[in-house]
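Chains, contacts and geometry: an overview
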Amino acid sequence: MKREKSEVLYEKARTYFPGGVNSPVRAFRSVGGSPLFIERGKGSQIWDADGNEFVDFCCSWGPLILGHANDRVIDAIKKAAEKGCTFGAPTALENELASLILKNNKYIQKMRFVSSGTEAVMSAIRLARGYTKRDKILKFEGCYHGHSDSLLVKAGSGLVTFGNSSSAGVPLSFVNETIVVSLNNEKAVKQAFIDFKDQIACIIIEPIPANNGLLLQRKEYLQFLRDICTENKALLIFDEVISGFRIGFNGAAGYYNVHPDIITYGKIIGGGLPVGMYGASSELMNHISPEGSVYQAGTLSGNPLAISAGIAQLTECLKPNFYTELEAKTSSFVNSLNDYAKLNRYCFRVFSIGSIFWFAFTDALSIETSEEIISESMNNFKVLHKELLERGVYLGPSGYEVGFISEAHSLETLNGAKRVIMECLDIVFQ
Ligand SMILES: *Cc1c(COP(=O)(O)O)cnc(C)c1O
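Predicted, not measured: the structure shown is a model, and the values here were computed from it.

Looking only at helices and strands, the chain features 13 helices and 17 strands. The globule rule puts the C-alpha radius of gyration for 430 residues at 22 Å, and the 21 Å found for the chain is close to it. Looking at the chain as a whole, 56% of its 430 residues are labelled buried. Across the chain, every contact between residues at least 6 apart in sequence was considered, and the portion connecting residues at least 24 apart equals 72%. For the chain, the exposed surface amounts to about 18,700 Å²; the carbon and sulfur share of it is 51%. Side-chain charges of the chain comprise 43 positive and 46 negative groups, with the mean position of each set lying 2 Å from the other.

Put into structure tokens, the structure is as follows:
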């Protein structure tokens, strides 16, 4: 495989950007080698600067549920752009996207559009703090909620801990407001509510944790979180930036039938352009400025191009059987890989839900906490990633990241990719 052009671009990029990239995982640090520079995409395929073609399972880390450069999405963006990129004033488009979402989502009544998932979560946390008049928040090890200060905190040792910051530059005083516990652990959450009685504003969780492997939780656990929040007058936030509109319009809340107080969205909602959103009951959302006292704003919030892309994409997702077909395709892909691994006694399993999947080098039947992920298994992922790339299959460059199947991934494409993956598993385990 030719890599010259990507390599030259990367060398240049390293003089412009830290690590040569504008978001760290793109630098290929965990799989080694240098990143491919992507030139274009169409449907399930992407092409790099050297003209190599790949089946793409990264899908921009989730937003592209229709695949790359979907005609309807591109048309909508073009039409919007011709009318002007931004006004800093309300447009009818925002009403249109809001109504499309609210008609099909029974868990929120009002929303606010922002420009990224990070912003949505940061604002949701502020709302929870403003509403409850409490400062502390509780999060889980193995969940990612964007890069705002309060959330760049990882677990320390012990059942209930203030974490350690996972980034330099996060003040200790912020870290001390964030309690971090293990996923799937009732005892730790109960203990936190005892240790910090009447101080916890909210619990935030990815109801489908998909940023550190795919750590599927039991419905009972999510319901337990709902109940303990209610008992303690704390709010429950579902961070559905990745699961929202991926597992249907009601997201994980609908899938598990657990009603959170605030939900955050991102990724799919913007059709590949930068959009985030947080929503809740009208009563809660009315605490946001200018109606209420919790401040939150954005020069480009509700941007017409981004909102148009979102409308076009979500309209496609609402077509009959959209999600059932996507899930059926994914299950068949995942099941054959699991059957193959089993037949060959490979220590490998694909976990999946909806159209999200995760390649794990494990014999375990389920993995619910980040502590269960064996870091040495990432060496196997590294080999797999490299071999797949050589054969035209593009996975996100980290074994902790999940893969996505889009509407544009045809059965034929998936069958082809499946055979390549099997061949590469043979190499990993040879
Ligand atoms: C991607 C993601 C975020 C951050 O969204 P950005 O748009 O990258 O800021 C937050 N929470 C979850 C669950 C995510 O998957």
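Picking up where we left off.
Looking now at the site of the ligand. Looking at the ligand, the residues that line it are Ser 116, Gly 117, Thr 118, Tyr 144, His 145, Gly 146, Glu 206, Asn 211, Asp 239, Val 241, Ile 242 and Lys 267. Contact distances for the ligand include 2.6 Å between an oxygen atom and a side-chain N or O atom of Thr 118. Take Lys 267: an N or O atom from its side chain is 2.6 Å from an oxygen atom of the ligand. Computed on the free molecule, the ligand has an accessible area of 380 Å², of which 83% lies beneath the protein chains in the complex. Its residues assigned to classes, the shell around the ligand comprises three nonpolar, six polar and three charged.

Since the α-helix turns once every 3.6 residues, residues separated by three or four places project in the same direction. For helix α2 (residues 71-82), which comprises 12 residues, the first-to-last C-alpha distance of 17 Å matches the rise-based estimate of 16 Å (1.5 Å per residue) to within 8%. Regarding α2, the residues found buried are Val 73, Ala 76, Ile 77 and Ala 80. All buried residues of α2 lie within an arc of 100° about the axis, which places them on one face of the element. Exposed positions of α2 whose direction lies more than 90 degrees from the buried face are Asp 71, Lys 78, Lys 79 and Glu 82. Buried-residue contacts for α2 involve α10 (304-317).

Backbone hydrogen bonds are what pair the strands of a sheet, in a parallel or an antiparallel way. Within the open sheet, the eight strands sit side by side as β4-β13-β12-β11-β10-β5-β9-β7. Their pairing is mixed. The sheet is open, and its two borders are formed by β4 (110-114) and β7 (161-162), each paired with just one other strand. Pairing of strand β5 (residues 136-141) with strand β10 (residues 200-205), which is carried by three bridges, proceeds in the parallel orientation. The residue of β10 that forms the bridge with Lys 136 is Ile 200. With respect to the sheet, helix α3 (residues 92-102) is in contact with β4 and β13 (276-280), its orientation differing from that of β4 by roughly 130°.

Right, let's talk about unusual backbone geometry for a bit. A cis amide bond links Ser 289 with the next residue in sequence, Pro 290, at an omega value of 10°. Summarising the element assignment, Pro 290 is placed in the loop between α9 (282-285) and α10. Phi angles above zero are rare outside glycine, and Phe 28 is one such case at about 65°. The topology assignment puts Phe 28 in the loop between α1 (4-16) and β1 (38-42). The phi torsion at Ala 69 lies on the positive side, around 45°, for a residue other than glycine.

Time to look at the layout of surface pockets. Looking at the second largest pocket, its volume works out to about 530 Å³. Around the second largest pocket, the lining is made up of 24 residues, and of these Glu 94, Arg 112, Phe 113, Ser 301 and Gly 302 lie nearest the centre. Listing elements by their share of the lining of the second largest pocket, those giving two or more residues are α3 and β4. Among the residues making up the lining of the second largest pocket, the classes are represented as 10 nonpolar, 11 polar and three charged.

The next point concerns the sheet that holds strand β14 (residues 349-353). The three strands are arranged β14-β15-β17 in an open sheet whose pairing can be described as antiparallel. The open sheet is flanked by β14 and β17 (403-404), the only strands paired with a single partner. As defined by bridge partners, β14 adjoins strand β15 (residues 356-360) across five bridges and the pair is classed as antiparallel. Bridge pairing links Val 350 to Phe 359 in β15. Its contacts with the sheet put helix α11 (residues 322-343) on β14 and β15, and the angle it makes with β14 is roughly 160°.

Bringing the packing of aromatic side chains into the picture now. Summed over all chains, the structure comprises 19 aromatic pairs. A ring pair is formed by Phe 351 and Trp 358, whose centres lie 6.0 Å apart and whose planes are at 25°; its orientation type is stacked. Across the pair, Trp 358 and Phe 351 agree in class, each one buried. Grouped by ring-pair contacts, the aromatic residues Phe 57, Phe 333, Tyr 340, Tyr 346, Phe 348, Phe 357, Phe 359, Phe 361 and Phe 429 constitute a single cluster.

Inspection of the secondary structure assignment puts Asp 227 in helix α7 (residues 219-231). Separated by 31 residues in the primary sequence, Asp 227 and Val 258 place their C-alpha atoms 9.9 Å from one another.

Our focus in this paragraph is the state of the cysteines. Inspection of every chain in the model, using the stated rule, returns zero disulfides. Of the cysteine sulfurs around Cys 229, a residue in no disulfide, the closest is that of Cys 202, at 7.9 Å.

Another aspect to go through is the packing of α3 against α10. Packing of α3 against α10 leaves a shortest axis separation of 9 Å and a crossing angle of 30°. In terms of orientation, α3 and α10 fall into the roughly parallel class. Between α3 and α10 lies a crossing of left-handed hand. Contacts from Leu 93, Glu 94, Glu 96, Leu 97, Leu 100 and Ile 101 in α3 reach Pro 304, Ile 307, Ser 308, Gly 310, Ile 311, Leu 314 and Thr 315 in α10. Of the residues in the contact of α3 with α10, the class split is eight nonpolar, three polar and two charged.

Rules of the game
- Residues numbered from 1 in each chain as written.
- Predicted model: local features only at pLDDT ≥ 70, side-chain atom pairs only at ≥ 80, totals over all residues.
- Heavy atoms only, no water.
- Helix = DSSP H or I, 4+ residues; strand = E, 2+ residues; numbered from the N terminus.
- Rg over C-alpha atoms; globule rule 2.2 N^0.38 Å.
- Buried < 20%, exposed > 50% of the residue type's maximum accessible area, 1.4 Å probe, protein only.
- Contact = heavy atoms within 4.5 Å.
- Areas by Shrake-Rupley, 256 points an atom, 1.4 Å probe, with all protein chains shown as cover.
- Lys, Arg positive; Asp, Glu negative; His and termini not counted.
- Charge placed at Lys NZ, Arg CZ, Asp CG, Glu CD.
- Near = heavy atom within 4 Å.
- Polar contact = N/O pair within 3.5 Å; in protein donor to acceptor, adjacent residues only side chain to side chain.
- Nonpolar A, V, L, I, M, F, W, Y, C, P; charged D, E, K, R; others polar.
- Expected span 1.5 Å × (residues − 1).
- Arc of directions from axis to C-beta.
- Pairing = 2+ DSSP bridges.
- Axes fitted to C-alpha atoms, helices over the stretch in contact; angles between N-to-C directions.
- 1 Å grid on protein atoms, 1.4 Å probe; cavity = no way out; pocket = protein on both sides within 12 Å on 5 of 7 lines; lining within 4 Å.
- Points joined across faces, edges and corners; volume = space filled by probe spheres on them.
- Phe/Tyr/Trp six-rings, centres within 6.5 Å; stacked < 30°, edge-to-face > 60°.
- Disulfide = S-S within 2.5 Å.
- Parallel < 35°, antiparallel > 145°, perpendicular 65-115°, else oblique.
- Left-handed = near helix turned anticlockwise from the far one by under 90°.

Read these as layout, nothing more, since geometry by itself doesn't imply function.
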